[in-house]
Amino acid sequence: MIIVYGADWCDDTRRSLRHLRRLGVPHQYVNIDEDLDALDRAKSLNGGNRRTPIIDLELGGPPLVEPDNDSLTGALVERDMLSNEVAVERLAVQNVGDFERVLRTITGAALWLASRVGPRGTRWLLGLGSALVGLSGVTGWCPVYHAAGVTSMNGPGDRPDETTRDGWVVPRTSRQLSLDSGTGSIAHTSR
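The structure displayed is predicted, hence computed values, not measured ones. (Residues numbered from 1 in each chain as written. Predicted model: local features only at pLDDT ≥ 70, side-chain atom pairs only at ≥ 80, totals over all residues. Heavy atoms only, no water.)

For the rest of this paragraph, the subject is the sheet that holds strand β1 (residues 2–6). Read from one edge of the open sheet, 4 strands run β2-β1-β3-β4, paired in mixed fashion. On the outer flanks of this sheet lie β2 (27–31) and β4 (64–65), each paired with one strand and no other. As defined by bridge partners, β1 adjoins β2 across 5 bridges and the pair is classed as parallel. Paired with Y5 across the strands is V30, a residue of β2. Running at roughly 165° to β2, helix α1 (residues 11–23) makes contact with β1, β2 and β3 (54–56) of the sheet. (Pairing = 2+ DSSP bridges. Helix = DSSP H or I, 4+ residues; strand = E, 2+ residues; numbered from the N terminus. Contact = heavy atoms within 4.5 Å. Axes fitted to C-alpha atoms, helices over the stretch in contact; angles between N-to-C directions.)

Shown next, in the form of structure tokens:
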């Protein structure tokens, strides 16, 4: 079992946990601010230094210290915890960011309520709209985004406080995972 030693306030910890969830990789999160034994274990894994997150893959190898998403995915692939194909497939499934998912789910619920009380002639249309918008919020996949080749992942529509760009949607990229001589690095190619 992968153990993530981190802190709730740490952006890198939250990002790494979200990435592991999106990859569907089982893991255990330990908050080192609440568990002093875990803090000691995390520090011992990192030469006595406190950094978050520290991800122990429990395979006898070195832990990952503050890894970016590509390094984390590369380490999982390199250690045969995930294949290239599975990682690419799982990362491609979602094209709607977390914040936008909440907005879509709320909008879908509001449209559903409107379909119950609205004029008779528009109820079916509102019901259909609520299903489409609501389901895209729940699943994180939008067929319109898919057809247009765009995504709101990693932008203001995902985690506004962690965004690295201004635009809500951008063209999605095809992530080709290739391990360069065991370094765990991942190469990106645009689609």
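Take a negative patch on the surface next. Taken together, D8, E34, D35, D37 and D40 make up a surface patch of like negative charges. On the secondary structure map, D8 appears in the loop between β1 and α1. (Patch = residues over 30% accessible without salt bridge, like charges linked within 9 Å, V, L, I, M, F, W, Y side chains within 5 Å. Areas by Shrake-Rupley, 256 points an atom, 1.4 Å probe, with all protein chains shown as cover. Salt bridge = Lys/Arg side-chain N within 4 Å of Asp/Glu carboxyl O. Lys, Arg positive; Asp, Glu negative; His and termini not counted. Charge placed at Lys NZ, Arg CZ, Asp CG, Glu CD.)

A few words now on unusual backbone geometry. Across the junction of T52 and P53, the peptide omega takes the value -5°, indicating a cis bond. For P53, the location among the structural elements is in the loop between α2 (36–45) and β3. Despite not being glycine, E66 has its phi angle at roughly 45°, a positive value. Along the polypeptide, E66 turns up in the loop between β4 and α3 (69–78). Judged by its relative accessible area of 31%, E66 is partly exposed. (Buried < 20%, exposed > 50% of the residue type's maximum accessible area, 1.4 Å probe, protein only.)

This part takes up the packing of α1 against helix α4 (residues 84–93). The relative placement of two packed helices comes down to the angle between their axes together with the axis-to-axis distance. α4 packs onto α1 with a crossing angle of 105° between their chain directions and a minimal axis gap of 8 Å. When the interaxial angle is binned, α1 and α4 end up roughly perpendicular. Side by side, α1 and α4 meet where H19, R22 and L23 of the first sit next to A87, R90 and L91 of the second. Considering only residue class, the contact of α1 with α4 consists of 3 nonpolar, 1 polar and 2 charged. (Parallel < 35°, antiparallel > 145°, perpendicular 65-115°, else oblique. Nonpolar A, V, L, I, M, F, W, Y, C, P; charged D, E, K, R; others polar.)

What follows concerns the side chain of R104. Note that R104 resides in helix α5 (residues 98–117). If sequence neighbours within four positions are ignored, R104 has contacts with V96, V133, G134, S136, G137, C142 and Y145.

With that settled, consider the packing of aromatic side chains. Tallying each qualifying case throughout the model produces 1 aromatic pair. The ring of Y145 is capped by R104, whose NZ or CZ atom sits 5.1 Å from the centre of that ring. (Phe/Tyr/Trp six-rings, centres within 6.5 Å; stacked < 30°, edge-to-face > 60°. Lys NZ or Arg CZ within 6 Å of the ring centre and 35° of its normal.)

Between α5 and helix α6 (residues 120–139), the shortest axis-to-axis distance is 7 Å and the interhelical angle comes to 160°. Between α5 and α6, the interaxial angle falls into the category roughly antiparallel. Taken as a pair, α5 and α6 cross one another with a handedness that is left-handed. Facing α5, whose interface residues are R101, R104, T105, T107, G108, L111, W112, A114, S115, R116 and V117, α6 presents R123, L126, G127, G129, S130, V133, G134, S136, G137, V138 and T139. (Left-handed = near helix turned anticlockwise from the far one by under 90°.)

Structural measurements only, silent on function.
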